[in-house]
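# Coordinate analysis (summary)
Take a look at the letters that make up each chain.
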Protein chains: 2
Amino acid sequence: MTVYNAPLKDMQFVLNNVLQLSKYSNLPGFADASEDMVEAILDEGGKLAANVLHPLNQSGDKEGCTRHEDGSVTTPKGFKEAYETYCEGGWLGISADPEYGGQGLPHVLGIAVNEMVSAANLAFGMYPGLGIGAADAIRAHGTDEQKQEYLPNMIAGKWGGTMNLTEAHSGTDLGLLRTKAVKQDDGSYKITGEKIFISAGEHDLTENIIHLVLARIEGAPEGVKGISLFIVPKFFVNEDGSVGGANGVSCGSIEEKMGIHGNSTCVMNFDDSTGWLLGQENKGLKAMFTMMNEARLGVALQGVAQSEVSYQNGADYARERLQGRALTGPAEPDKPADPIIVHPDVRRMLMDQRAFTEGARAWMYWTALYGDLVHKAEDDETRQKADDYMGLMTPVLKCYLTEKGYWHATNAQQVLGGHGYIAEWGMEQFVRDARIAMIYEGANGIQALDLVGRKLMKDGGRAWQTYFAEIDQFIEDNQGDENLKPFLDGLAAAKARTLEGTQWLGANAMQNFNNAGAGSMDYLHLFALTCLAYAWAQMAKAALENPDDDFCKHKLITGRYFLERLLPDSAAHLEKIKAGAGAMMELPAEAF
Amino acid sequence: MTVYNAPLKDMQFVLNNVLQLSKYSNLPGFADASEDMVEAILDEGGKLAANVLHPLNQSGDKEGCTRHEDGSVTTPKGFKEAYETYCEGGWLGISADPEYGGQGLPHVLGIAVNEMVSAANLAFGMYPGLGIGAADAIRAHGTDEQKQEYLPNMIAGKWGGTMNLTEAHSGTDLGLLRTKAVKQDDGSYKITGEKIFISAGEHDLTENIIHLVLARIEGAPEGVKGISLFIVPKFFVNEDGSVGGANGVSCGSIEEKMGIHGNSTCVMNFDDSTGWLLGQENKGLKAMFTMMNEARLGVALQGVAQSEVSYQNGADYARERLQGRALTGPAEPDKPADPIIVHPDVRRMLMDQRAFTEGARAWMYWTALYGDLVHKAEDDETRQKADDYMGLMTPVLKCYLTEKGYWHATNAQQVLGGHGYIAEWGMEQFVRDARIAMIYEGANGIQALDLVGRKLMKDGGRAWQTYFAEIDQFIEDNQGDENLKPFLDGLAAAKARTLEGTQWLGANAMQNFNNAGAGSMDYLHLFALTCLAYAWAQMAKAALENPDDDFCKHKLITGRYFLERLLPDSAAHLEKIKAGAGAMMELPAEAF
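In this text, all values refer to a predicted model and were calculated from it rather than measured experimentally.

A tally of helices and strands in chain A yields 18 helices and eleven strands. Relative to the compact-globule value of 25 Å for 592 residues, chain A shows a C-alpha radius of gyration of 24 Å, a close match. Each of the three principal axes of chain A carries a C-alpha extent, and together these read 80 × 60 × 60 Å. Burial status across chain A gives 64% buried among its 592 residues. Sequence separation of 24 or more characterises 73% of the internal contacts of chain A that already satisfy a separation of 6 or more.

Here is the structure:
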């Protein structure tokens, strides 16, 4: 009963008017990203999402995945056909390396398509998403032989991929993991252990699944310095590239979970399975982070995506449901009641969500563009800046967008009142599905710690200093534009507060590291509000170029709402940061 | 796998030390509420909750309710036996009128017991809760004959009760309802219509179910002025009080919903069923509000309750789960890792939840005491004040406690990381169950509108003015107590902001009613923070009387945390209120 229509106009506005992709046509892949081409690709992607993937969202949730006695797993009805359509359209490799069959389009365009997929059917989107993530890790760390062996089939979607990190006693703290690897004479390893929470661990969509597995080589150092990464295919690959015999990898069970039922979350048993080292011995965590950082951005995008789709359905209901009268007098006196969109508090929920979603989209795509520039920019300085920004933004996006995505999905559900709680209406599924994004790929608290404990301090703070300087420059460049002034003022105020928070952490964290930890989540939120304020200022500038266009008018109204209603939280975050660790850490553990 | 232990010490602290129930021993029922008796009752209630009700919480969720072909409904395994135990213990009628078999204990003590039930098993607790709610409405509006006919069996739990308000096209806006009532020669009515979302609409726990049904008498005025309330028993009651034949009331289906699976949420069909008027013709909504206001407080309590139980399980996990090392150096160097409760951001989630839950409990019980004083206080002035406070606090408690209860259940789930998302661990059930409380008994947006649109203005603002004057007096009375000063300062600041918000609404709502609607939710949150600050100041004062007692020390630490980390949001709420309706209402409906 739910619908999804890709927000094509907003996506194009961000790509063409805000980021101005055409400026980058000198870079590899970008020449193919003309405005016309962007429009055509988004159009087709939108059709796929709306017509093929979204219709399977509720049915996939209801049916879930089925594990059979032999350990094989069946995905929900229709997933296999949809996956074939997806692969045939080349969507999986949209921004993958053309050398291995990818389309080589800009990453930022791939992100827009991914947003559609994650909005239309989050559980489905994880299958190709993990496959491509694993392929990226092999591309970054594999030998030429490994790349030739795996990448073409993975990028084509014939083979899937997974990340095998977590064990029952080892989640956030990967140093505790026990899965062991024993080197064989032929250079391969025997891998033995149990992994849990493995998304897409086993399924029927692909003819092979390439598991990337963290394990400890016999005799390796303890902790994170003794972890290596292995390629462990479900089926061996014959010399001719065809799929051979089974490799002692099996799905022990499927977890029963709150949501994303269409994705098989597996307990995976590796029983003397054969693996091959990916990258260097004992450097597995670093290699896995290639995949994980990309995955974190993908998860951030899931937050935006679930906010978008739940917004659309909440807004549709609010326009149609007749209940009560406008406070200012009947809006549609000929009807038995007014549509509930006349009620300010219903609008509040929808506008909150809209102001978040549009701002988050612009910020996310802006970051994704730097993901392209890391590799493709012509000058070192830009590549350096892009790399700095990617490192800085990854935890902020992952945490903030998933938390707010979940929260806004809850608000959209609230718009439907009692119907929002009923499965058939589909809103509660958005909430249940969105919930996972706050947890996987590093729980949000870890992202906050990554930000204050690593990313802020890295290279003497170069990343955030460059970013803040860019904001200052933007404000200076646009001084005197009266229409833009509220956006510049809001941005300047948020940035000043964030700077103050940064300085407070700098001054107080060394005395007591817990001061940094205690303020980490509020700092991340404060930082994120500045990023959103910058995204909104950039959008407002672009919208002001077409002040008579309805889309741009609405953009500016939504932007003003952002300034009035979302940005004020920044002051409270700063106050909480400055409270430090005091009362937070005083209670003895047994008093909880 | 989850546990629940009633927070007996905290409940006793609130009842005995903060509210000082012994001061009221001159009032009916309070003489039986000595400290010893309170302790004994809470102890027994806690055992029932922990040993009988909570063990059925996860299994009840998993199994759900089953509707059979004949329309009968089976509750989950164990519910029937637990319900019998519950009734046998007299828990259902703990604060009901002794004239009809109740125990006549103070309402505030009943609330404490209810908190335990709602924490231990929310879905279960709704069955007796609705029965007692319906009994209260009959007691308030029924004829003596009706009271004699229904109350003894309802208060004993032999018969259940329901509220039948919502229809598919008529939820918040009850004026639209179509269920019709046709008067018969014998004074009864024939009721025909379909009601949806009827909690406990049909089940196997009681031998009869007394439905209270809103319907429109033939020829009645349109809108809310033509609605009457009827008693429609599932089975007729014979003259000797025994249960007779069926009355054309049937459960058409059970809704599939996000949570509270152990409670049967029914579509109820009334097909020429026989009903008897409860109260006056066309005054049904007012009579139903007796039940609804009580139900709203019960729902508010569900927010505290789900926060408490999820907190307990989150805290247990945080104390036991070993992962990572404390930022300040290993806390338990002999173990492979430290328990995650050493991490500030884990503490943040737990302390947020604790500071909310304890404050909310005190505020809730304080309000419940006024629920007693409305009827029992000896002087008119106190009864008037109590009635004012109940009216004022009901929407604030219902909205704020359910929203925060849900949010904190989400945080407790987050403490468990990936395990939080897995059904077996039970944390995701707390989230799904807590979610309904924001919706039913008047969606939270309606509560906010009730506050700013009705309760603030009623009697020229007497209720809030009296409340604020009480706060001022408390601050003045305690000036000079240095230990209490931070609490008084925090309370004064929050109250000043709330007063400013009240005045802003007063000055701006008449120009444009949407200004009131636009600020309603932020105003409610701002108001609630003041109530919490007052509750915390009262608790701090009581705790400071035993400064060497560990419980009191911890109370003061948690109170300080409240001031540092929860209260700062009040400034942002005020800023948002002052933004008014502007950007919120500007977009045309079709632009959403």
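Each partner contributes to the interface: chain A provides 93 residues, whereas chain B provides 93 residues. Taken together, both faces of the contact between chain A and chain B bury some 8300 Å²; the carbon and sulfur share is 60%. Linking chain A with chain B are eight salt bridges, by the criterion used here. Between aspartate 569 of chain A and lysine 576 of chain B there is a salt bridge, with its nearest N and O atoms 3.0 Å apart. Linking chain A to chain B there are 50 residue pairs in polar contact (both at pLDDT 80 or more). By residue number, the principal contributor to the side of chain A that touches chain B is helix H15 (residues 513-543) of chain A, which donates eight residues. A breakdown of the residues in the side of chain A that touches chain B according to their chemical character gives 44 nonpolar, 24 polar and 25 charged.

Residue and element names in this part refer to chain A. Enumeration according to the criterion identifies 56 aromatic pairs over all chains in this entry. Seen in terms of ring centroids, phenylalanine 79 and phenylalanine 124 are 5.6 Å apart; in terms of plane orientation they differ by 75°. Their pairing is edge-to-face. A residue pair is termed long-range when its members are at least 10 positions apart, and phenylalanine 79 in helix H4 (residues 79-88) and phenylalanine 124 in helix H6 (residues 122-141) qualify at 45 residues. Classification of phenylalanine 79 by relative accessible area gives buried; the value is 0%. A relative accessible area of 0% places phenylalanine 124 in the buried class. For the pair tryptophan 366 and tyrosine 370, a centre-to-centre distance of 4.8 Å together with 70° between the ring planes defines the contact as edge-to-face.

A word on the state of the cysteines. Applying the stated criterion across every chain, the model contains zero disulfides over all chains. With no disulfide of its own, cysteine 65 of chain B has cysteine 266 of chain B as its nearest cysteine by sulfur position, at a separation of 7.7 Å.

Now for helix H2 (residues 35-53) of chain A. Residues and elements named next belong to chain A. Helix length check: H2 (19 residues) gives 25 Å between terminal C-alpha atoms against 27 Å at 1.5 Å per residue, within 8%. All of the buried residues along H2 are Val38, Ile41, Leu42, Gly45, Gly46, Leu48, Ala49 and Leu53. Along H2, the residues classed as buried sweep out an arc of 160° about the axis, all on the same side. Facing away from the buried side of H2, by more than 90 degrees, are the exposed residues Asp36 and Asn51. Summarising the contacts, the buried residues of H2 are in contact with helix H1 (8-18), helix H3 (57-63), H4, helix H5 (107-120) and H6.

Okay, the relation of the copies chain A and chain B next. Turning chain A through 180° and shifting it by 0.0 Å along the axis lays it on chain B, with an RMSD of 0.0 Å. In short, the pair behaves as if placed about a two-fold rotation axis. The rotation axis passes nearest to the C-alpha of alanine 572 of chain A in chain A, at a distance of 3.4 Å. Here 100% of the interface residues in chain A have copies in chain B that are interface residues too; the copies meet face to matching face.

On to the packing of helix H14 (residues 485-508) of chain B against helix H16 (residues 550-566) of chain B. Residues and elements named next belong to chain B. Look at H14 against H16: their axes get within 10 Å of each other, and the N-to-C directions meet at 30°. In the packing of H14 onto H16, the handedness of the crossing is left-handed. Between H14, through Pro486, Phe487 and Gly490, and H16, the contact on the second element is made entirely by Leu556, Gly559, Arg560 and Leu563. Grouping the amino acids of the contact of H14 with H16 by side-chain chemistry returns four nonpolar, two polar and one charged.

On to the nonpolar core. The tendency in soluble globular proteins is for nonpolar side chains to be buried as a group. One finds Trp363, Tyr365 and Tyr467 of chain A together with Trp363, Tyr365 and Tyr467 of chain B to be the most contacted residues of the largest nonpolar core, which totals 415 residues. When near neighbours in sequence (up to four residues on either side) are disregarded, tyrosine 467 of chain B contacts Trp366, Tyr389, Leu392, Met393, Phe527, Thr530, Cys531 and Tyr534 of chain B.

A separate point is the pattern of salt bridges. Residues and elements named next belong to chain A. Tallied over the entire structure, the rule returns 70 salt bridges over all chains. Residue glutamate 202 is joined to lysine 234 by a salt bridge in which the shortest nitrogen-to-oxygen separation is 2.7 Å. Placement of glutamate 202 in the loop between strand S5 (189-199) and strand S6 (208-217) and of lysine 234 in the loop between strand S7 (227-233) and strand S8 (235-237) is noted, with a sequence separation of 32 residues between them. With respect to burial, glutamate 202 and lysine 234 carry one shared label: buried. Residues participating in the shared-partner salt-bridge network are Asp10, Glu115, Glu308, Arg354, Glu358, Arg361 and Lys555.

A few words on the confidence of the model for chain A. For chain A, the average pLDDT comes to 97, and 100% of its residues sit at 70 or higher. Scored by ipTM, the complex comes to 0.97, with pTM at 0.98.

Turning our attention to the side chain of threonine 265 of chain A. On the secondary structure map, threonine 265 of chain A appears in strand S11 (residues 265-277). By relative accessible area, which is 6% here, threonine 265 of chain A ends up buried.

This paragraph deals with unusual backbone geometry. Its identity is not glycine, yet asparagine 282 of chain A carries a phi of approximately 65°, on the positive side. Mapped onto the elements, asparagine 282 of chain A comes out in the loop between S11 and helix H8 (284-320).

To continue, consider helix H6 (residues 122-141) of chain B. With 20 residues, H6 of chain B should cover 28 Å at 1.5 Å per step; its first-to-last C-alpha distance of 28 Å lies within 8% of that length. Counting buried positions along H6 of chain B yields 15 of 20 residues, so the element is predominantly enclosed.

Once that is clear, we can look at the environment of glycine 110 of chain B. Residue and element names in this part refer to chain B. Among the secondary structure elements, glycine 110 is positioned in helix H5 (residues 107-120). The sequence separation of glycine 110 and aspartate 450 amounts to 340 residues, and the corresponding C-alpha distance is 26 Å. Not counting residues up to four positions away in its chain, the partners in contact with glycine 110 are Ile94 and Ser95.

The rules behind each value
Residues numbered from 1 in each chain as written. Chains lettered and ligands numbered in written order. Predicted model: local features only at pLDDT ≥ 70, side-chain atom pairs only at ≥ 80, totals over all residues. Heavy atoms only, no water. Helix = DSSP H or I, 4+ residues; strand = E, 2+ residues; numbered from the N terminus. Rg over C-alpha atoms; globule rule 2.2 N^0.38 Å. Buried < 20%, exposed > 50% of the residue type's maximum accessible area, 1.4 Å probe, protein only. Contact = heavy atoms within 4.5 Å. Buried area = accessible area lost by both parts, 1.4 Å probe. Salt bridge = Lys/Arg side-chain N within 4 Å of Asp/Glu carboxyl O. Polar contact = N/O pair within 3.5 Å; in protein donor to acceptor, adjacent residues only side chain to side chain. Nonpolar A, V, L, I, M, F, W, Y, C, P; charged D, E, K, R; others polar. Phe/Tyr/Trp six-rings, centres within 6.5 Å; stacked < 30°, edge-to-face > 60°. Disulfide = S-S within 2.5 Å. Expected span 1.5 Å × (residues − 1). Arc of directions from axis to C-beta. Least-squares fit on C-alpha atoms with pLDDT ≥ 70 in both. Axes fitted to C-alpha atoms, helices over the stretch in contact; angles between N-to-C directions. Left-handed = near helix turned anticlockwise from the far one by under 90°. Core = buried A, V, L, I, M, F, W, Y, C linked by side-chain atoms within 4.5 Å. pLDDT = per-residue confidence, 0-100.

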